Protein chains: 2
Amino acid sequence: MTVSSFEMAPVVQPALSHNVVDALRGMISTGQLEQGEHLKEAEIAQALGVSRGPVREALIQLANEGFVELRRHRGAFVVELTRTDIIEVYTLRLALERLAVERTAERMTPELLAEMDAVLEKMKRVDDGYEAQAVTRLDLEFHDLLYKAADHRRLQSSWEHIRSQVEFFLNARNDSFRDFLQVGYAEHAELRDVLTQRNPELAAKAIQSHLGGAYHRLLATHPQQ
Amino acid sequence: MTVSSFEMAPVVQPALSHNVVDALRGMISTGQLEQGEHLKEAEIAQALGVSRGPVREALIQLANEGFVELRRHRGAFVVELTRTDIIEVYTLRLALERLAVERTAERMTPELLAEMDAVLEKMKRVDDGYEAQAVTRLDLEFHDLLYKAADHRRLQSSWEHIRSQVEFFLNARNDSFRDFLQVGYAEHAELRDVLTQRNPELAAKAIQSHLGGAYHRLLATHPQQ
DNA sequence: CAACGGTAAATTGTTTACAATCCTCAATGA
DNA sequence: TCATTGAGGATTGTAAACAATTTACCGTTG
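First, a word on what this report is: a plain description of the structure on this page. The shown structure was predicted, so the numbers you read here are calculated from the model rather than taken from an experiment.

What counts, and where the lines are drawn
- Numbering of residues starts from 1 in every chain and runs along the sequence as written.
- All chains are assigned letters beginning with A, and all ligands numbers beginning with 1, in the order in which they are written.
- Reporting of local features is limited, given that this is a predicted model, to residues whose pLDDT is at least 70; pairs of side-chain atoms are given and counted only at 80 or more, and all residues count toward the totals for whole chains, interfaces and linings.
- Think of it this way: take the backbone, place a C-beta atom on it, and check whether that atom is within 6 Å of the molecule or strand, in which case the residue is near it.
- What counts as a helix is a DSSP run of H or I of at least four residues, what counts as a strand is a run of E of at least two, and both are numbered from the N terminus.
- Should DSSP find at least two bridges between two strands, the strands are taken to pair.
- By the convention adopted here, residues are in contact when the distance between their C-beta atoms, placed from the backbone, does not exceed 7 Å.
- Each axis is a line fitted through C-alpha atoms, and for a helix only the stretch in contact is used; angles between axes span 0 to 180 degrees, taken between their N-to-C directions.
- Ten residues, namely Ala, Val, Leu, Ile, Met, Phe, Trp, Tyr, Cys and Pro, are considered nonpolar, four, namely Asp, Glu, Lys and Arg, are considered charged, and the remaining ones, Gly among them, are considered polar.

Right, let's talk about the protein's contact with DNA strand C for a bit. Residues in close proximity to DNA strand C total 18 residues, the closest being Gly 75 of chain A together with Leu 16, Ser 51, Gly 53 and His 73 of chain B. Listed by contribution, the elements that provide at least two residues to the surface near DNA strand C are α2 (41-48) of chain A together with α1 (16-29) and α3 (52-64) of chain B. The leading source of residues in the surface near DNA strand C is α3 of chain B, at three residues.

Residue and element names in this part refer to chain A. The pairing of strand β1 (residues 38-39) with strand β3 (residues 75-78) spans two bridges and is antiparallel. The residue bridging His 38 from the neighbouring strand is Phe 77, located in β3. Inspection of the sheet shows strand β2 (residues 68-71) paired to β3 by four bridges, in the antiparallel sense. Among the inter-strand pairings, Glu 69 is bridged to a residue of β3, identified as Phe 77. In this structure, the hairpin formed by β2 and β3 is closed by a connection of three residues, where His 73 is found at a positive phi of approximately 65°.

Residue and element names in this part refer to chain A. Read from one edge to the other, the open sheet built from three strands follows the order β1-β3-β2, with strand pairing classed as antiparallel. Edge positions in the sheet fall to β1 and β2, since each of these pairs with one other strand and no more. Relative to the sheet, helix α3 (residues 52-64) contacts β1, β2 and β3, its axis offset from that of β2 by approximately 115°.

What follows is about the protein's contact with DNA strand D. Residues in contact with DNA strand D amount to 17 residues; listed here are only the nearest, Leu 16, Val 50, Ser 51 and His 73 of chain A together with Gly 75 of chain B. For the surface near DNA strand D, the elements supplying multiple residues, two or more each, are α1 (16-29) and α3 of chain A together with α2 (41-48) of chain B. Broken down by element, the residue count for the surface near DNA strand D peaks at three residues, all from α3 of chain A. Across the surface near DNA strand D, the residue classes tally to five nonpolar, six polar and six charged.

This is the structure in structure tokens:
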């Protein structure tokens, strides 16, 4: 037994800006920060015990994720998410995820299948006792696998850009209509089965139908405007 | 005539980080900065006459655009673009642009048509005297119109994330094979005609064929690896 | 009393200074 | 000879200070 046989996760402590991003994103998602609110750098910096530098970097990141809007010399403002935003996120997600499953269908491996089945197993166990956020996490965990398997760095990056917004909208839906909690297993299991056929066109159709269902259920929870 | 009838471009001087982004992107595109090169913040700051703050923000932006890679405590490195990157940019662009033309087909207006025709007119005049970069600009100008007409903020943002890389690859192609300079007009005019039919499915097929052609011509200019 | 102008406070943009981390390379010892 | 180690320099990460711009307020003016 040598030291080199140890497997260690490298201990890199995350950048402060990363912590700030997480903190702010959480506060936006849970509604602690109101829509349209002006996020002042100095205020945030003091509240989180860091300087304005990391806060600025965090705000740029959140702007990339679509949670805040930056206006020169005016600062960062929490965006107001409307029905239009739901449509934008859904249509863009569909475009991205179609590419993802097309590639994944061509790259299916036993390992990936096992990972998908592990998530599906957890989905099967979901019942009324589950928190909406936990169900959302399972949902995203499954879709994350698709993007990972697609083996496409720029696609992965694009997904990460809208992922938090998807999470936000799914949480809102799962909160409002707890009936949906049970839908997850069947739909994702079907997606899994289609992917095993290694047919990109079939996979594209399947994801379109899967996301379309989620989309309409989501729109139903949002007021017409 | 009232004052409110004036149309003025607001005179906001751009952020320094914006200038830095442009400068570095240009140096990367033209090969002045070698692939894999370590971009040192202090060095860049001094060369451009700014401090490290704006340089850091610029490097984050360039990382988002895929031109540099950031490693914690190590800094920014110019990425090495390979055949794999061409494939990634092309497949992602196709996914995005399909959504763009689907929406544009549903939103065609006389104004948009006029703008497209104006660009086409300029394309028609291209001859051997043109610089490769000028031809690339015309090409992108046309496609920019599609994204603008799609009226989809997140899609627009995604496009801007890969646009510079598309420009980089197109410049390389137009430089190597000046025969392609003439192809532009016919292909884009056909795209224009399809869009006037206001049929999203038709438009999707057309863009797939259009980009596919450009893609294969581009791959031909790059060595197998 | 609405519009204008000016001044001060608040806020962001930028620079500078300091701390933490990583890399280089020569000295060390088996 | 060659792997290891540690000191010093180089580089990034963070904080603090300064400059530029915007916003808010208020008295003035027509």
